[in-house]
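# Residue-level structural notes
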Amino acid sequence: MSIWTRLGEFARRVASTANAGVVDVAAALRNAFLGDPELHRKVAFSVAMIALSAKMAKADGVVTQDEVRAFQQIFSIPPGEARNVTRLYTLAQADIAGFESYAAQMAKMCGSGKPNCRMLEDILDGLFHIAKADGVLHEREGRFLHTIAHIFKIEDTHYETILSRHVSLGSADPYVVLGIERGRSFDEVKKHYRKLVAENHPDRLIARGVPEEFIAIATTRIAAINAAYELIEKGLRL
């Protein structure tokens with residue numbers, strides 16, 4: 001049974017409570033599929049991405065077609081399941097809970113020091129991918145993403161690394177993109193680069209609970225890492 005079928009079940013469950021006059025997707029997420037931890041992680045990741053995307057769209061007050069397309073790139077939604085994703089997106093916008101509730105649910109589910117904590121970075125990367133789709137990271141979107149990073153307990157230095165992957169390399173420091181200090185030898189940079197590529201391989205994302213349909217996140221991340229490494233390599237070899 002695909003993740004989209006499970007999302008459809010979740011969407012119908014939440015919609016039934018909405019029809020009763022209460023919309024609390026965050027609470028439903030907390031209790032969804034608790035008997036199957038692996039399925040719970042995948043559904044939770046998917047719902048968090050949908051819900052936080054919907055909340056972020058409200059942050060700057062405008063949902064552009066570019067953002068919709070970026071959302072679809074990450075989700076690769078099968079035609080027959082688009083209605084369920086749209087339903088969850090709409091319900092999340094109307095939800096009584098703020099975006100902090102979704103972020104806190106994900107942080108609590110991952111827990112400090114657990115392998116799946118890297119999934120929080122995956123979520124943040126996906127949100128950046130959507131936010132920058134219209135060519136501008138709006139101030140309110142930036143504040144929204146920074147707040148989520150704090151809830152996820154992502155340190156500011158690491159947040160700057162994530163941010164730098166989503167801005168033009170004409171202005172981004174390639175060393176910040178790779179998360180390595182200037183002054184390191186080329187061999188050290190190369191070793192660090194290879195470690196990053198291995199850690200961010202699509203198979204690694206799937207292993208920590210990111211559904212296969214979301215590999216656009218890994219592809220975008222690897223592209224930024226490769227571009228930064230190429231700039232450093234060119235500069236050090238001159």
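An account of the accompanying structure is given in this report. (Residues numbered from 1 in each chain as written. Predicted model: local features only at pLDDT ≥ 70, side-chain atom pairs only at ≥ 80, totals over all residues. Heavy atoms only, no water.)

This paragraph deals with unusual backbone geometry. With phi around 60°, Lys153 is a residue other than glycine that occupies positive phi space. In this fold, Lys153 is placed in the loop between α8 (139-151) and α9 (156-164). (Helix = DSSP H or I, 4+ residues; strand = E, 2+ residues; numbered from the N terminus.)

Turning to the pattern of salt bridges, a few remarks are in order. All told, the structure shown has eight salt bridges when counted by the stated rule. Between Asp125 and Arg221 there is a salt bridge, and its shortest N-O distance comes to 2.6 Å. With Asp125 in helix α7 (residues 118-131) and Arg221 in helix α13 (residues 216-237), this residue pair connects regions lying 96 residues apart in the sequence. Here Arg221 falls in the buried class, since its relative accessible area comes to 1%. The closest approach of N and O atoms between Arg182 and Asp173, which form a salt bridge, is 3.3 Å. For Arg182, a relative accessible area of 58% gives the class exposed. Shared partners join several salt bridges into a network, and the residues in it are Glu121, Asp122, Asp125, Arg165 and Arg221. (Salt bridge = Lys/Arg side-chain N within 4 Å of Asp/Glu carboxyl O. Buried < 20%, exposed > 50% of the residue type's maximum accessible area, 1.4 Å probe, protein only.)

Before going further, it helps to spend a moment on helix α5 (residues 82-94). A rise of 1.5 Å per residue sets the reference length of α5, with its 13 residues, at 18 Å; its end C-alpha atoms lie 19 Å apart and thus fit the reference within 8%. The complete set of buried residues in α5 reads Asn84, Val85, Leu88, Tyr89, Leu91 and Ala92. When α5 is viewed along its axis, its buried side chains cluster within an angular range of 165° and face the same direction. Among the exposed residues of α5, those oriented more than 90 degrees off its buried face are Arg83 and Ala94. (Expected span 1.5 Å × (residues − 1). Arc of directions from axis to C-beta.)

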